[in-house]
Amino acid sequence: MDWQEISGNWVLIPDRPIAIVHFLGGAFVATAPQLTYRRLLEFLGEQGYLVVATPFVNTFDHTEIAKSVLVSFERAMETVRSRVSVRYLPIYGIGHSMGCKLHLLIGSLFAVERAGNVLISFNNYAARDAVPLVEQFSQFFKPQGVAVEFTPSPVETNALIRDRYAVRRNLLIKFADDSIDQSLGLAQLLEESFPGMIATRRLKGTHVTPLGPDVKWQVGGSFTPIDAIGQWMRQEVYRELRQLEQVVLQWLDPVGRIRR
């Protein structure tokens, strides 16, 4: 499989897709998800999932970003459907960090059909807490009665999720060494709406565990001790990411019926 650029999205199309994944990354790494999340996304593609990774540029208007990435995804799917038979395949959302909030907004504000969402390292901070310079910029706006804040605000986002979020099946993943993760509060909020439908997993890792290309160690004509060290180092670096991959895969296909 090779990455294809379709209507501003980066797309992986397996020979026989078994489901569709719409991926949204974190705020400052989402402009090139095919690079920043390469290993995770290509792993899903190798398992038979058709991956649509939608880039976006972060602004304060998260509602508008959610709308734009959904429109971009749907345009890409129009082209994909003209090439591959995917009409009846389930669609899953997978988000990391800010990408979680965008999937939650999409599921709250728009009539979409999703078989479920995987929400990795969710956070829903106010602008002044998420971006250190925002408070400084706010000083220039406040005299004119304008405060700088994300739209919707954290309180408004929680209210939308509680009152309007319509995706019933969700997997929330929190990493042990992630001080900005807010998944536990989200899990409680979702459990009130969908009792028994919310799965949570706590894994080893940090907020940036999902990131990274798959660096392949090239073995020479003969396998040397240096090659052994190189492959061991690669395994150690990606140990936490491999665990994430397996947890996501098991949740997407819990009984392994469609796994390759």
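Residues numbered from 1 in each chain as written. Predicted model: local features only at pLDDT ≥ 70, side-chain atom pairs only at ≥ 80, totals over all residues. Heavy atoms only, no water.

1. Observations regarding the packing of helix 3 (residues 62-83) against helix 4 (residues 98-109)
- Axis separation between helix 3 and helix 4 bottoms out at 9 Å; the angle between their running directions is 80°. Comparing their axes, helix 4 and helix 3 come out roughly perpendicular. Between helix 3, through H62, T63, I65, A66, V69 and L70, and helix 4, the contact on the second element is made entirely by M98, K101, L102, L105, I106 and L109. (Axes fitted to C-alpha atoms, helices over the stretch in contact; angles between N-to-C directions. Helix = DSSP H or I, 4+ residues; strand = E, 2+ residues; numbered from the N terminus. Parallel < 35°, antiparallel > 145°, perpendicular 65-115°, else oblique. Contact = heavy atoms within 4.5 Å.)

2. Focus on the sheet that holds strand 4 (residues 49-53)
- As summarised here, the arrangement of the 8 strands in space is 1-2-4-3-5-6-7-8, forming an open sheet in which the pairing is mixed. Of all the strands in the sheet, just strand 1 (4-6) and strand 8 (198-206) have a single pairing partner and so form its edges. Geometrically, the sheet is characterised by an average inter-axis angle of 25° between neighbouring strands, direction not taken into account.
- As judged from the 5 bridges shared by strand 3 (residues 19-24) and strand 5 (residues 91-96), these two strands associate in the parallel manner. Across the sheet, V21 pairs through a bridge with Y92, a residue of strand 5. (Pairing = 2+ DSSP bridges.)

3. Observations concerning the environment of M77
- Mapped onto the fold, M77 is located in helix 3.
- Residue classification places M77 among the buried residues on the basis of a relative accessible area of 1%.
- Separated by 57 residues in sequence, M77 and I20 have C-alpha atoms that sit 9.7 Å apart.
- Residues within four places of M77 in sequence aside, it is in contact with I20, V52 and V86. (Buried < 20%, exposed > 50% of the residue type's maximum accessible area, 1.4 Å probe, protein only.)

4. What about helix 2 (residues 38-46)?
- Three or more residues of helix 2 are buried, namely R39, L40, L41, F43, L44 and G45.
- G48 sits one or two positions beyond helix 2 and adopts a positive phi of about 105°.

5. Some words on the pattern of salt bridges
- Taken as a whole, this structure holds 4 salt bridges when the rule is applied.
- The salt bridge partner of R162 is D163, with a shortest N-O separation of 3.2 Å.
- What makes R162 partly exposed here is its relative accessible area of 44%.
- For D163, a relative accessible area of 56% puts it in the exposed group.
- The salt bridge involving K174 is made with D181; its shortest N-O contact spans 3.9 Å.
- The exposure class assigned to D181 is buried, which follows from its relative accessible area of 11%. (Salt bridge = Lys/Arg side-chain N within 4 Å of Asp/Glu carboxyl O.)

6. Concerning the packing of aromatic side chains
- Applying the stated rule across the entire model yields 4 aromatic pairs.
- Taken together, a centroid distance of 6.4 Å and an interplanar angle of 65° make the contact between Y165 and F194 edge-to-face. Residue Y165 is found in the loop between helix 7 (154-164) and strand 7 (170-177), and its partner F194 is found in the loop between helix 8 (183-193) and strand 8; the two are separated by 29 residues along the sequence. Judged on exposure class, the residue Y165 and its partner F194 are both buried.
- A cation over a ring is seen here: R169 above W251, with NZ or CZ 3.9 Å from the ring centre. (Phe/Tyr/Trp six-rings, centres within 6.5 Å; stacked < 30°, edge-to-face > 60°. Lys NZ or Arg CZ within 6 Å of the ring centre and 35° of its normal.)

7. What about the confidence of the model for the protein?
- This prediction gives the protein a mean pLDDT of 88; 82% of its residues lie at or above 70.
- Overall, residues 227-233 carries pLDDT values under 50, and its contacts beyond four positions in sequence, including any with other chains, amount to 10 contacts. (pLDDT = per-residue confidence, 0-100.)

8. Remarks on the nonpolar core
- Counting 30 residues, the largest nonpolar core has V118, I173 and L244 as the members making the most contacts within it.
- Residue assignment for this core shows that the elements contributing at least two residues are strand 3, helix 2, strand 4, strand 5, strand 6 (116-120), strand 7 and helix 10 (239-252).
- Among the elements that make up this core, the one with the highest residue count is helix 10 (7 residues).
- The residues contacting V118, other than those within four sequence positions of it, are G93, I94, G95, L171, I173, V248, W251 and L252.
- Formed by 14 residues, the second largest nonpolar core is a distinct cluster that contains Y165, V167, L189 and I198. (Core = buried A, V, L, I, M, F, W, Y, C linked by side-chain atoms within 4.5 Å.)

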